[in-house]
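Okay, here's what each chain looks like letter by letter:
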Amino acid sequence: MSSSDIFIGETIGTAILILLGGGVCAAVTLKASKARNAGWLAITFGWGFAVLTAVYTSAPLSGAHLNPAVTLALAIKDDGISWSDVPIYWGGQLLGAMIGAALVWIAYYGQFHAHLTDREIVGGPGAQATKTKAVEAQEAGAGPVLGVFSTGPEIRVAWQNVATEVIGTIVLVLAVLTQGLNDGGNGLGTLGALITALVVVAIGLSLGGPTGYAINPARDLGPRIVHALLPLPNKGGSDWGYAWVPVVGPLIGAAIAAGIYNVAFA
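Okay, so let's go over this structure. Just so it is clear, the structure is predicted and the values come from calculations on it, not from any experiment.

### Remarks on the pattern of salt bridges
Going through the model one piece at a time under the given rule, you end up with four salt bridges. Salt-bridge contacts for Asp220 lead to Arg224; the nearest nitrogen and oxygen are separated by 2.7 Å. One end of the pair, Asp220, and the other, Arg224, are both in helix 12 (residues 217-229), four residues apart, so they sit about a helical turn from each other. As far as the burial class goes, Asp220 and Arg224 line up, both buried.

So, in C-alpha cells, the structure goes:
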C-alpha cells in the first residue's frame, strides 16, 4: 500500500464511520428527529453497522484501521505495519473523523437548529414553567449536543474513566489481532470486518455505559474539534477537560493488547 492509498483510504473510511456512527447519535438525541429516544440499543447497533460499512469501503486501499489504537497495535505487533506509516494512518483518521462529523451537522442541520433553540433544551424563560432541561446542558463543560460528536462519562472519576476505555480497547484490539486481520496482517479482512463490527456492538452493550465507549482516539477528538468550530447556537462547551481520556485510554489499551498478543499468540 502506498502512502497516498493509506491516507485516502483512512480518510474515506473514518469519514463514513463517523457519519453513520455520529448520525445514529444525532438521530436518537435531537428533538425533531424521527428516531428521537430510540435508545442505547439503536446507538450500539448503529455504531456496529457503521464499522462494517466503513471497513468494507476502505479495506482495499488502506486495510481499514480507522482507529489510531488499532494502528498502534499493528505497529507493535510482530511483523505488523511499519512505524513510518503510523503518522499517515493517524493523519487520515483524524481528518476523516472531522469530515464525518461535519457531514452529520449538514445532514441534521435543521434538527440541530431546532434542538438548540428550544427553551426546554437550552434553558431560558420558557424552561422555568416546565422545569425540564437536558442533563447535558447542566453539566459543567458539556453542551447539550456534545454527545452527538464525542463521548463523556456518566460519573466523572478520571482513573475509572481511563480504565473503562483501556479495558474496552483491549477487547477490541485482541479481537482484531486474533480474528480480524487480512492475509497480509496489516489490516482487516473481509470476515474480520464482520467480526469486528459485532465486537464493537458487544463492547457497547457491555462496557459502553460508563463512558460511551470511545475506544478510538480519532472518533472522539476529531468530532470534538468540529463541535468547537461549528456555528451552532447555544452549543455550550466541548468539555476539553475530559478530552484526554478517550485519547490516552484507547492508546494504552492498544499497547497492552498488542503486548498480550505478542506474548500469547505470536
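### Details of the nonpolar core
Counting 67 residues, the largest nonpolar core has Leu17, Trp47, Phe112, Val145, Phe149 and Leu232 as its most contacted members. Other than its neighbours up to four places away in sequence, Leu17 contacts Gly22, Trp47, Ala50, Val51, Ala54, Leu66 and Asn216.

### Here we look at the packing of helix 12 against helix 13 (residues 245-264)
Where helix 12 contacts helix 13, the axes come no closer than 8 Å and their chain directions differ by 165°. By the angle between their directions, the pair helix 12 and helix 13 is classed as roughly antiparallel. As for how helix 12 packs across helix 13, the hand of that crossing is left-handed. Contacts from Pro217, Asp220, Leu221 and Arg224 of helix 12 reach helix 13 at Pro246, Val247, Pro250 and Leu251.

### Focus: a nonpolar patch on the surface
Residues Phe7, Ile8, Ile12, Leu95, Ile99, Leu103 and Ile106 make up a contiguous nonpolar surface patch of about 570 Å² in total accessible area. Put simply, the parts of the chain that give the nonpolar patch at least two residues each are helix 1 (3-29) and helix 4 (86-107). Looking at the nonpolar patch element by element, the count peaks at four residues for helix 4. Secondary-structure assignment places Ile12 in helix 1.

### Quick look at the environment of Gly21
Examined against the element boundaries, Gly21 turns out to sit in helix 1. Using a relative accessible area of 0% as the deciding quantity, one classes Gly21 as buried. Separated by 235 residues in sequence, Gly21 and Ile256 have C-alpha atoms that sit 26 Å apart. Those residues in contact with Gly21, other than ones at most four positions away along the chain, are Trp47 and Ala50.

### A closer look at the packing of helix 1 against helix 4
In the contact formed by helix 1 and helix 4, the axes pass within 6 Å of each other and the chain directions differ by 35°. Relative to helix 4, the crossing made by helix 1 is right-handed. In the contact of helix 1 with helix 4, the residues fall into 14 nonpolar, ten polar and one charged.

### Some thoughts on helix 2 (residues 40-62)
The first and last C-alpha atoms of helix 2 sit 31 Å apart over 23 residues, in line with the 33 Å expected at 1.5 Å per residue. Among the residues of helix 2, Ile43, Thr44, Gly46, Trp47, Gly48, Ala50, Val51, Leu52, Ala54, Val55, Ser58 and Ser62 are the ones counted as buried. Contact partners of the buried residues in helix 2: helix 1, helix 4, helix 11 (190-207) and helix 12. At the C-terminal side of helix 2, Gly63 shows a positive phi close to 90°.

### Observations regarding the side chain of Gln93
Its location among the elements puts Gln93 in helix 4. Residue class for Gln93 comes out buried when judged on its relative accessible area of 0%. There is a polar contact of 2.9 Å between the side chain of Gln93 and the side chain of Glu10. Non-local contacts of Gln93, meaning those with residues more than four positions away in its chain, are made with Glu10, Thr14, His65, Leu66, Asn67, Pro68, Thr71 and Ala218.

### As for unusual backbone geometry
A positive phi angle, close to 60°, is found at Leu66, a residue other than glycine. If you trace the backbone, Leu66 turns up in the loop between helix 2 and helix 3 (68-76). According to the relative accessible area criterion, Leu66 is buried, its value standing at 3%. Non-glycine residue Tyr213 carries a positive phi angle of around 45°. Here Tyr213 shows up in the loop between helix 11 and helix 12.

What counts and what doesn't
Residues numbered from 1 in each chain as written. Predicted model: local features only at pLDDT ≥ 70, side-chain atom pairs only at ≥ 80, totals over all residues. Heavy atoms only, no water. Salt bridge = Lys/Arg side-chain N within 4 Å of Asp/Glu carboxyl O. Helix = DSSP H or I, 4+ residues; strand = E, 2+ residues; numbered from the N terminus. Buried < 20%, exposed > 50% of the residue type's maximum accessible area, 1.4 Å probe, protein only. Core = buried A, V, L, I, M, F, W, Y, C linked by side-chain atoms within 4.5 Å. Contact = heavy atoms within 4.5 Å. Axes fitted to C-alpha atoms, helices over the stretch in contact; angles between N-to-C directions. Parallel < 35°, antiparallel > 145°, perpendicular 65-115°, else oblique. Left-handed = near helix turned anticlockwise from the far one by under 90°. Patch = residues over 30% accessible without salt bridge, like charges linked within 9 Å, V, L, I, M, F, W, Y side chains within 5 Å. Areas by Shrake-Rupley, 256 points an atom, 1.4 Å probe, with all protein chains shown as cover. Nonpolar A, V, L, I, M, F, W, Y, C, P; charged D, E, K, R; others polar. Expected span 1.5 Å × (residues − 1). Polar contact = N/O pair within 3.5 Å; in protein donor to acceptor, adjacent residues only side chain to side chain.

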